[in-house]
Amino acid sequence: ARPLAGEYDLLGAPEHRAIAREAVRESLVMLKNDGILPLAPGGRLLVAGEGANDIARQSGGWTLSWQGTGIDNSHFPGATSIFEGFRQNVEAAGGTAQLSPDGSFTQKPDAAVVVFGEKPYAEFQGDRATLALDTELTGPYETMRKLKAQGIPVVALMITGRPLYVNPALNAADAFVVAWLPGSEGGGIADVMMAGADGEARYDFTGKLPAAWPRTADMDDGAL
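First, a word on scope: everything that follows refers to the structure included in this document. Bear in mind the structure is a predicted one, so any value in this text is a computation, not a measurement. (Residues numbered from 1 in each chain as written. Predicted model: local features only at pLDDT ≥ 70, side-chain atom pairs only at ≥ 80, totals over all residues. Heavy atoms only, no water.)

Overview of the environment of G207
Our working rule: The helix and strand labels rest on DSSP assignments: H or I over at least four residues marks a helix, E over at least two residues marks a strand, and numbering proceeds from the N terminus. Burial classification: accessible surface area is computed with a 1.4 Å probe over protein chains only, and a residue below 20% of its type maximum counts as buried, one above 50% as exposed, and the rest as partly exposed. Contacts are assigned to residue pairs that have any heavy atoms within 4.5 Å of one another.
As for its placement among the helices and strands, G207 is situated in the segment after α6 (187-193). For G207, a relative accessible area of 15% puts it in the buried group. Considering only alpha carbons, one finds G207 and Y8, 199 residues apart in sequence, at a separation of 32 Å. Dropping the residues within four chain positions of it, G207 is found in contact with E26, S27, L28 and V29.

Structural notes on the packing of aromatic side chains
For clarity, the cut-off: Classification of ring pairs uses Phe, Tyr and Trp, with its six-membered ring standing for Trp, and accepts pairs whose centres are within 6.5 Å; under 30 degrees between planes counts as stacked, over 60 as edge-to-face, and the remaining range as tilted.
A full pass over the atoms with the stated rule returns 4 aromatic pairs. Ring plane angle 70° and centroid distance 6.5 Å describe the contact between W66 and F124, whose orientation is recorded as edge-to-face. One end of the pair, W66, is in the loop between α2 (55-59) and α3 (82-92); the other, F124, is in the loop between β4 (111-117) and α4 (139-149), with 58 residues separating them in the sequence. Owing to a relative accessible area of 60%, F124 belongs among the exposed residues under this scheme. On the numbers, 5.8 Å between centres and 70° between planes, the contact of F116 with Y141 is edge-to-face.

Section: unusual backbone geometry
P38 follows L37 through a cis peptide bond whose omega is 0°. Backbone geometry places F124, a non-glycine residue, at a positive phi of 70°. Phi at W180 is positive, roughly 55°, even though this residue is not glycine. For W180, the position within the fold is in strand β6 (residues 175-180). Its relative accessible area of 13% is what places W180 among the buried residues.

Description of the environment of T206
With respect to the element layout, T206 can be found in the segment after α6. The class of T206 is partly exposed, set by a relative accessible area of 45%. The spatial distance from the C-alpha of T206 to the C-alpha of V29 is 7.1 Å, given a sequence separation of 177 residues.

Spelled out as structure tokens, the structure:
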């Protein structure tokens, strides 16, 4: 008996997606920027990391399944992955964006965004004994170091539901942005991280940390 009940064509309505995209823009937190953000829109951008084109991963647990696992991009019609958001922004400005999970490339990019962080989880399976990012998820750290060694500016973009100890990534990258779990509207990330045609930021970073960022992996230690 509720108003609009059963009107499934309203799911994913443009107005609703616009609000969700705005929420993504306003929740991003910049922990570091050595002068490379916002990224120039018209050059060659490399987007690396296994989570860069994975909408399930950027949505987290309690989505279409309990732990947020066993699903892929096809289960999110109309949604935009982090990579797709960058690609749309870069191509609109006349540039190119390459998706490369391992960070390899054929033509040297002007900058690279390395997406890393947690895989989807919910209660029980998401419980932790330490604040360290799982070892099997730290491969992108080496990707960041390799790209930096080639003179490519690197932005670390973290997907996570909570602050974790990731100092190796903070130290390896020129800039570090926490995206949390942006959900279906990955384009909101590029809105903030990419400059406009005039080279100026289109949106400011306004997100604030909900808790101090950990300086060690020890649950009982202080925080940064």
